[in-house]
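Chain by chain, the residues:
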Amino acid sequence: MIRIHIPGFYSTDSGGPRWGDAQIIDDGTNYLVIDGYCEIGTTRLIKRLKMRQIRNPYLLITHAHWDHYCGIRKIIRDEWFKPKGLYCQDPNSIGDVSGTVRGEKQTLRNIISEAKARGIPVKYLKDGDRVQLGEIDFFIYRKTEPYEGNNEAYLNDASLCCWFHTLGYWTSGDGPMKIYDLCRARGAKPKFFKIPHHGNNCPRLQAIGMKSLGAKYCWDNDYNTQITEFLRYGRNRCIQAGIRYFGCHGDLNVIFFGGMAVIYKDFKKYTYKCSYQGKTALRGANATIVRKTLRGIYGTANTRITKLIDAGFYPLAVQQKVDRVVEIAKGIKSGKLRYGSNEARIAKIDKELGKGYGQLVQDYINVLYGIRKEV
């Protein structure tokens, strides 16, 4: 199984801008971190990696903009981590089109020097390279002709694009400006893709083009209290083209196995077919995991989805049992449902939902009556 986890943002977050990129991609053995957010996002990313005990990730910087490299640099500097490698472009390959770009090239050189000083192998990626980390397999694409001006230079030249061909997934940093043109030129047909540059870089014809290639879903990396037209631009064009959009208000999780991709968001799942044939590592629900979920151990909303997958369970399977337990308990308490009483009730519910659920429902009823504090 391959999993993509994108740490999301929440309205309660504090500590600076909520933008940039960060993705954790793993096959259960190898872990790849693509970009590292900035400020509150970087804090969330590093906390997440440490919570999952991911000490030895591979790191990839799409380009040397602060809101992309910040978390990667902190991982390199944090001795808790022992990264297996750093992937980035050769700074010397980026065109000197402005003083700002030259400064950011130097920043990238500094990050590379810090990585080498810690003994982290550095691999420069060029257009057409293929990276294989266990079952994680992708191609690198980038345009080589920089335009005048800082942003356009990075959008078109120095922002690496990653095409996960077996997953049907395309992601990048701030580029390219014309994602459809680049995908078509490289023969890539993404089913799911990240809209480049904070959700901005996908004008109408590019969005229509992505749809024509077979794109069904897209996401972008910004969640702000003040969403500007700049941030809405690309996502709205994709929505108008008939592509389902996901934002980062809350975590976004995707798992790949058995020729399928499953996107989990807001306790709904969205699927598409892909060529990756790995086996799933997730299990169905049981009374123990449902009891823990009812106790709030796994949180709520998209955080719950993330933690249930971490624990090795299908989140929707667990949530459906949670909902059913609550429904039966409230129905019995109100008199709308009749399951008998005592041992007969427990046995009947066990037969319907599975072993252990009868007692769980009874405990929840006791909570509703105030007899118990928790299930």
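If you're wondering where the values come from, they're calculated on a predicted model, not measured in any experiment.

**Overview of the packing of helix 11 (residues 315–334) against helix 13 (residues 357–368)**
Packed helices, taken two at a time, are described by the angle their axes make and the gap between the axes. Taken N-terminus to C-terminus, the directions of helix 11 and helix 13 make an angle of 55 degrees; their axes are 9 Å apart at the nearest point. On the basis of the axis angle, helix 11 is oblique to helix 13. As for the relative orientation of helix 11 and helix 13, their crossing is right-handed in sense. Here helix 11 contributes Lys321, Val325, Val326, Ile328, Ala329, Lys330, Ile332 and Lys333 to the contact with helix 13, which in turn contributes Tyr357, Leu360, Val361, Tyr364, Ile365 and Leu368. Along the lines of polarity and charge, the residues of the contact of helix 11 with helix 13 split into 11 nonpolar, no polar and 3 charged.

**With respect to helix 11**
Between the first and last C-alpha of helix 11 there are 28 Å, a value that for 20 residues agrees with the 28 Å anticipated at 1.5 Å per step. Listed as buried for helix 11 are Pro315, Leu316, Val318, Gln319, Val322, Val325, Val326, Ile328, Ala329, Gly331 and Ile332. Its buried side turned inward, helix 11 meets strand 15 (260–265), strand 16 (268–273), helix 9 (287–294), helix 10 (301–310), helix 12 (342–353) and helix 13. At the C-terminal side of helix 11, glycine 335 shows a positive phi close to 90 degrees.

**Digging into the nonpolar core**
Ranked by size, the top nonpolar core spans 63 residues in total, and within it Leu32, Phe164, Phe192 and Phe256 carry the most contacts. By size, the runner-up hydrophobic cluster in this structure holds 22 residues, among which are Val318, Val325, Ile365 and Val375.

**What to know about the sheet that holds strand 12 (residues 217–219)**
If you walk across this open sheet you meet the 7 strands as 7-8-9-10-11-12-13, and the pairing is mixed. Because the sheet does not close on itself, it has two edges, and the strands there are strand 7 (130–133) and strand 13 (244–246). Averaged over all neighbouring strand pairs, the angle between strand axes comes to 20 degrees, with direction disregarded. Of the strand pairs in this sheet, strand 11 (residues 192–194) and strand 12 are connected by 3 bridges, and their pairing is parallel. Bridge pairing in strand 12 links phenylalanine 193 to cysteine 218. The strands touched by helix 5 (residues 179–186) are strand 8 (136–141), strand 9 (161–164), strand 10 (169–172) and strand 11; relative to strand 10, the strand with the most contacts, the crossing angle is about 125 degrees.

**Section: the sheet that holds strand 15**
If you trace the 9 strands from one edge of the open sheet to the other, you get 6-5-4-3-2-1-14-15-16, paired in mixed fashion. Looking at the sheet topology across the chains shown, the edges are occupied by strand 6 (122–124) and strand 16. Direction aside, neighbouring strands of the sheet carry axes that sit 20 degrees apart on average. Where strand 1 (residues 2–6) meets strand 14 (residues 252–257), 5 bridges bridge the pair, whose relative direction is antiparallel. In the sheet register, isoleucine 4 faces strand 14, and the bridge partner there is valine 254.

**Observations concerning the pairing of strand 9**
Burial along strand 9 is two-sided: the face carrying Cys161 and Trp163 and the face carrying Cys162 and Phe164 are both buried. Pairing of strand 8 with strand 9 involves 3 bridges; the strand directions are antiparallel. Directly across from isoleucine 140, in strand 9, lies its bridge partner cysteine 162. As paired elements, strand 9 and strand 10 share 4 bridges and run antiparallel to each other. Bridge assignment links cysteine 162 to a residue of strand 10, and that residue is threonine 171. In this antiparallel pair of consecutive strands, strand 9 and strand 10, the connection spans 4 residues, and glycine 168 shows a positive phi of 70 degrees.

Rules and cut-offs
Residues numbered from 1 in each chain as written. Predicted model: local features only at pLDDT ≥ 70, side-chain atom pairs only at ≥ 80, totals over all residues. Heavy atoms only, no water. Axes fitted to C-alpha atoms, helices over the stretch in contact; angles between N-to-C directions. Helix = DSSP H or I, 4+ residues; strand = E, 2+ residues; numbered from the N terminus. Parallel < 35°, antiparallel > 145°, perpendicular 65-115°, else oblique. Left-handed = near helix turned anticlockwise from the far one by under 90°. Contact = heavy atoms within 4.5 Å. Nonpolar A, V, L, I, M, F, W, Y, C, P; charged D, E, K, R; others polar. Expected span 1.5 Å × (residues − 1). Buried < 20%, exposed > 50% of the residue type's maximum accessible area, 1.4 Å probe, protein only. Core = buried A, V, L, I, M, F, W, Y, C linked by side-chain atoms within 4.5 Å. Pairing = 2+ DSSP bridges.

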